[in-house]
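Topology and contacts: notes
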Amino acid sequence: MSQIDNKQLQSLEPQALWEQFRQLTLIPRPSGHEAAALDHIAEVGRSLGHEVIRNGGNVIIRAKATPGLEGLTPVILQGHADMVPQKETTSAHDFTTDPIETIVADGKVTANGTTLGADNGIGLAAAMAVLTDPSVEHGPIEILATREEETSMGGASALEAGVLDGQMLLNLDTEAWGEICIGCASGIDVTATFKGTRVETADTDVAVRVTLSGLRGGHSGMDINLGRANANKLMARFLKFAAANYESMLADIDGGNMRNAIPRSATAVLTIDEEDLDDFIEAVDEFEDMFRSEFATTEPQLTFSAEKVELPATVLDEMTTDDLINALQGTPNGPLKMNADLPGLVETSSNMAIVKSEGDTITVKFLVRSSMESEREDVTSSLDSIFRLAGAEVETSGDYPGWKPNVASKALAAVRASYEKLFGTEPVVTAVHAGLECGIMSQTYPNWDMVSFGPTIRHPHSPAESVDIESVGHFWTLLRDVLKNIPPVEK
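This text gives an overview of the structure that appears in the document. (Residues numbered from 1 in each chain as written. Predicted model: local features only at pLDDT ≥ 70, side-chain atom pairs only at ≥ 80, totals over all residues. Heavy atoms only, no water.)

1. Let's talk about the side chain of Glu299
- By secondary structure assignment, the location of Glu299 is in the loop between helix 6 (277-294) and strand 14 (303-309).
- Buried and unpaired, Glu299 has no salt bridge, with Arg216 as the nearest side chain of opposite charge at 5.4 Å.
- Once residues lying within four places of it in the same chain are set aside, the contact partners of Glu299 are Gly214, Leu215, Arg216, Arg228 and Ala229. (Helix = DSSP H or I, 4+ residues; strand = E, 2+ residues; numbered from the N terminus. Buried < 20%, exposed > 50% of the residue type's maximum accessible area, 1.4 Å probe, protein only. Lys, Arg positive; Asp, Glu negative; His and termini not counted. Salt bridge = Lys/Arg side-chain N within 4 Å of Asp/Glu carboxyl O. Contact = heavy atoms within 4.5 Å.)

Laid out in structure tokens, this is it:
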């Protein structure tokens, strides 16, 4: 792993942007471990002679205007330094120590069995390239690199008022070229915790590990409406069947690992009567056929298998097992309501992100999103009711606000004008069913005028993540033109 240099990225245009992205791919930066990446960004700023500020764990680089453009409205270019750590089950990659190995092919950049980190490495690389490429013309600018966006949005939340001078913020964390984003959903984490007891395993039982894998996963906001399977929900369906037909007992369960990613795999260890083993394995095969039929288009690599394993000394008691399974099976998941005004946009959703047992404790984590605060509260209340009825303790955390669209935004007008001039067509102005830091930062800097745009990034938060090379070039062209045509400061 240490020999990876990703030099193939140096052949891509624009070179300044891709070189900055290449350097980021060589620095491990999963959420919560992005300090080295932030230090790197700060060092780049210092090496260029710019003022560097650390605030709330974030890095701010303040750069003077190109001579003659000092009167333009000060702009903030913002992106987050962390990335989602997802990998194929066959990958030995360690996100805390290993660089990302990139692959350039078929007009896109991907990674070798892992997430790429184009979300939001490409946006941050573009911001840094504005500083390193002397041909870029701009007014007064600040680069804002935030931390822990993918887990808690802790960097945006910790940003202090009065630190930044900019008046317009260009968030570079949108993943569909040709779109200008002016709003996003709010979100909240819901955690249900079961405390059961463990009982001794029956001598006549055998243990079987069932494994659901090969799912595509993806971003629990942007991809929630694509009809992909949720590994935890499918596993819950089988567990209920197994309990009803084989009186199975649950020893362990483990599904999903990121709050904002659709879970791609899940495993469970069950105990059953030894006489039922062959019939049980046949049932697993039948469920695999059924799941494959239901998700033939969206999950072509789905597999569901069973193998006999060593019999554990204990299993969860029957009441806890039944309560857990019924709650998992009965919980709504996926898109729950579509936006009536913006066709194709999800308004409210829930993602059963993580189900994990440790000893006698089972934790179930959801991320609920909505562009309507009242609907988000309603779904949260429903989850609370379901799991409290099942005997679990329920807590909420990580509440972050949405970003209310402003169609009269001058930043929107500037980006739209540059886009139409450069590409001869109108961009799509929209909102996204995902959490952007704009919503949080607008609470601290309510006077900021904000828009978000970026290149096309497909399948973020999954090992299939890719970034379209041509769209990166267009994105860079647009960013450069916007910066030199930002309106002057109002007097």
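There is more to say after this.
2. Describing helix 11 (residues 469-484)
- Spanning 16 residues, helix 11 covers 24 Å between terminal C-alpha atoms, matching the ideal 22 Å at 1.5 Å per step.
- The backbone nitrogen of Glu470 lies 3.4 Å from a side-chain oxygen of the residue at the head of helix 11, namely Asp468. (Expected span 1.5 Å × (residues − 1). Polar contact = N/O pair within 3.5 Å; in protein donor to acceptor, adjacent residues only side chain to side chain.)

3. A look at empty space enclosed by the protein
- A full pass over the atoms with the stated rule returns 1 cavity of 30 Å³ or more.
- Residue lining of the largest cavity: 20 residues in total, with Glu149, His219, Ala434, Gly435 and Leu436 positioned closest to the centre.
- Its residues assigned to classes, the lining of the largest cavity shows 7 nonpolar, 6 polar and 7 charged. (1 Å grid on protein atoms, 1.4 Å probe; cavity = no way out; pocket = protein on both sides within 12 Å on 5 of 7 lines; lining within 4 Å. Points joined across faces, edges and corners; volume = space filled by probe spheres on them. Nonpolar A, V, L, I, M, F, W, Y, C, P; charged D, E, K, R; others polar.)

4. Remarks on the packing of helix 5 (residues 231-246) against helix 6
- Look at helix 5 against helix 6: their axes get within 11 Å of each other, and the N-to-C directions meet at 145 degrees. In this structure, helix 5 meets helix 6 at a crossing whose hand is right-handed. In this structure, helix 5 contributes Leu234, Arg237, Phe238, Phe241, Ala242 and Tyr246 to the contact, and helix 6 contributes Asp279, Phe280, Ala283, Val284, Phe287, Met290, Phe291 and Glu294.
- Looking at side-chain class alone, the contact of helix 5 with helix 6 contains 11 nonpolar, no polar and 3 charged residues. (Axes fitted to C-alpha atoms, helices over the stretch in contact; angles between N-to-C directions. Left-handed = near helix turned anticlockwise from the far one by under 90°.)

5. Looking at the pairing of strand 5 (residues 108-111)
- Here strand 4 (residues 102-105) runs beside strand 5; their pairing, made up of 4 bridges, is antiparallel. Bridge pairing links Ala105 to Lys108 in strand 5.
- Where strand 4 hands over to strand 5, the hairpin turn is made up of 2 residues, of which Asp106 adopts a positive phi near 55 degrees.
- Looking at chain direction, strand 5 and strand 23 (residues 466-468) are connected through 2 bridges and run antiparallel. Bridging across to strand 23, Lys108 finds its partner in Asp468. (Pairing = 2+ DSSP bridges.)

6. Brief notes about helix 5
- The terminal C-alpha atoms of helix 5, which comprises 16 residues, lie 22 Å apart, in line with the 22 Å expected from a rise of 1.5 Å per residue.
- Along helix 5, the residues classified as buried are Ala231, Asn232, Lys233, Leu234, Met235, Ala236, Phe238, Leu239, Ala242, Ala243 and Tyr246.
- Two to three positions downstream of the cap, the backbone nitrogen of Asn232 sits 2.9 Å from a side-chain oxygen, assigning the N-cap of helix 5 to Asn230.
- Downstream of helix 5 by a residue or two, Glu247 has a phi angle that is positive, lying close to 50 degrees.

7. A word on unusual backbone geometry
- Glu13 connects to Pro14 through a cis peptide bond whose omega is 0 degrees.
- With respect to the helices, strands and loops of the structure, Pro14 is situated in the segment before helix 1 (15-25).
- Note the cis peptide between Asp119 and Asn120, where omega equals 5 degrees.
- Tracing the sequence through the fold places Asn120 in helix 3 (residues 118-132).

8. Thoughts on the sheet that holds strand 5
- Taken in spatial order, the 4 strands make up an open sheet running 4-5-23-22, and their pairing is antiparallel. Only two strands of the sheet have a single partner each, and these edge strands are strand 4 and strand 22 (457-458).
- Contacts between helix 11 and the sheet are confined to strand 4, strand 5 and strand 23, with strand 23 contributing the most and set at about 60 degrees to the helix.

9. Let's talk about a negative patch on the surface
- A cluster of like negative charges, contributed by Asp278, Asp279, Glu282, Asp285, Glu286 and Asp289, occupies part of the molecular surface.
- On the secondary structure map, Asp279 appears in helix 6. (Patch = residues over 30% accessible without salt bridge, like charges linked within 9 Å, V, L, I, M, F, W, Y side chains within 5 Å. Areas by Shrake-Rupley, 256 points an atom, 1.4 Å probe, with all protein chains shown as cover. Charge placed at Lys NZ, Arg CZ, Asp CG, Glu CD.)

10. A word on the layout of surface pockets
- Estimates place the volume of the largest pocket at around 430 Å³.
- Together, 21 residues line the largest pocket, and Ala176, Glu179, Met222, Asn225 and Val432 are the ones closest to its centre.
- For the lining of the largest pocket, the elements supplying multiple residues, two or more each, are strand 20 (428-432) and strand 22.
- Ranked by residues supplied to the lining of the largest pocket, first place goes to strand 20 with 3 residues.
- Here the residues of the lining of the largest pocket are counted per class, giving 10 nonpolar, 7 polar and 4 charged.

11. Some remarks on the environment of Thr267
- Within the secondary structure, Thr267 sits in strand 13 (residues 266-273).
- On the basis of relative accessibility, which here comes to 27%, the residue Thr267 falls in the partly exposed class.
- Residues Thr267 and Phe304, 37 residues apart in the sequence, show an inter-C-alpha distance of 9.6 Å.
- When sequence neighbours within four positions are dropped, the list of residues in contact with Thr267 reads Val210, Thr211, Met235, Asp252, Ile253 and Asp254.

12. Describing the packing of aromatic side chains
- Counted by the stated rule, this structure contains 17 aromatic pairs.
- Judged by centre distance (5.4 Å) and plane angle (40 degrees), the rings of Trp177 and Tyr419 are tilted. Here the residue Trp177 occupies a position in the loop between strand 7 (168-171) and strand 8 (179-184), and Tyr419 occupies one in helix 9 (residues 410-423), the gap between them amounting to 242 residues.
- Among the residues examined, Tyr419 registers a relative accessible area of 7% and is labelled buried.
- For the pair Phe194 and Phe387, a centre-to-centre distance of 6.0 Å together with 65 degrees between the ring planes defines the contact as edge-to-face. (Phe/Tyr/Trp six-rings, centres within 6.5 Å; stacked < 30°, edge-to-face > 60°.)

Read these as layout, nothing more, since geometry by itself doesn't imply function.
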